[in-house]
Amino acid sequence: MRAVLQRVTQASCTVDGKITGEIGAGFLVLLGIEDADTTEDQQWLANKIVGMRVFGDENGLMNKALADIDGDILLISQFTLFAQTKKGNRPSFLRAAKPDKAIPMYEQMVQTLETLTGKKIATGIFGADMKISLLNDGPVTIIMDTKDRDSH
């Protein structure tokens, strides 16, 4: 799994002119799932997201986690995070999981994040043409890949 984690002051997802999810301060998480991903990968990534200390404390240092600021999460599925761009100019998405694998993993991530945060997770609609609006705070953007977890 790959995640692009963006610290935001606000974010929303719109599909066909209707808002499907919106948050104030917290994380916009773009999530890519590949065929090789497991429940263990999903659990590790969820714990990393929730525990990531990138919110400012009283001294302006990045010492606070999501719970410390009562922050929210907007989770967006994004298969393009597994684009392969080595050859030519048209990306290949062969590594991205097909919907029959990706949808259950995405839904499991939503449930795990809700359990860990004790809050409803805002979402987009899997596979839809989504319009994402965000106000990146910092900007702070972190890229995580479960295949690199041994080195994190």
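Values in this document were obtained by computation on a predicted structure and should not be read as measured data.

Enquirer: What should I look at first to understand the overall build of the protein chain in this one?
Expert: A tally of helices and strands in the protein chain yields two helices and eight strands. Written out in order from the N terminus, the α and β elements of the protein chain read β-β-β-α-β-β-β-α-β-β. Rg of the C-alpha trace for the protein chain: 15 Å, near the compact-globule value of 15 Å for 152 residues, within the 12% margin. Dimensions of the protein chain, computed from C-alpha atoms along their principal axes, come out at roughly 45 × 40 × 30 Å. A total of 152 residues make up the protein chain; the buried ones form 41% of that total.

Enquirer: Explain the side chain of Asp57 to me, please; I cannot follow it from the model alone.
Expert: Tracing the backbone through its elements, the reader meets Asp57 in the loop between strand 4 (55–56) and strand 5 (62–64). No salt bridge is formed by the buried Asp57; the nearest opposite charge belongs to Lys64, separated by 7.1 Å. Within the structure, Asp57 has its side chain in polar contact with the backbone nitrogen of Asn59 (distance 2.8 Å). With residues up to four places along the chain from it excluded, the contact list for Asp57 reads Asn63 and Lys64.

Enquirer: It is not clear to me how the packing of aromatic side chains should be interpreted in this structure. Could you clarify?
Expert: To describe a pair of aromatic rings, you give the distance between the ring centres and the angle between the ring planes. Across all of its chains, the model carries three aromatic pairs by this definition. For the pair Phe79 and Phe93, a centre-to-centre distance of 5.0 Å together with 75° between the ring planes defines the contact as edge-to-face. In this pair, Phe79 sits in the loop between strand 6 (72–77) and helix 2 (99–117) while Phe93 sits in the loop between strand 6 and helix 2, placing the two residues 14 residues apart along the sequence. Classification of Phe93 as partly exposed rests on a relative accessible area of 28%. Seen from their ring centres, Tyr106 and Phe126 are 6.0 Å apart, and the 55° between their planes marks the pair as tilted. Here the residue Tyr106 occupies a position in helix 2, and Phe126 occupies one in the loop between strand 7 (122–123) and strand 8 (131–145), the gap between them amounting to 20 residues. Judged by relative accessible area, which is 6%, Tyr106 ranks as buried.

Rules and cut-offs
- Residues numbered from 1 in each chain as written.
- Predicted model: local features only at pLDDT ≥ 70, side-chain atom pairs only at ≥ 80, totals over all residues.
- Heavy atoms only, no water.
- Helix = DSSP H or I, 4+ residues; strand = E, 2+ residues; numbered from the N terminus.
- Rg over C-alpha atoms; globule rule 2.2 N^0.38 Å.
- Buried < 20%, exposed > 50% of the residue type's maximum accessible area, 1.4 Å probe, protein only.
- Lys, Arg positive; Asp, Glu negative; His and termini not counted.
- Salt bridge = Lys/Arg side-chain N within 4 Å of Asp/Glu carboxyl O.
- Polar contact = N/O pair within 3.5 Å; in protein donor to acceptor, adjacent residues only side chain to side chain.
- Contact = heavy atoms within 4.5 Å.
- Phe/Tyr/Trp six-rings, centres within 6.5 Å; stacked < 30°, edge-to-face > 60°.

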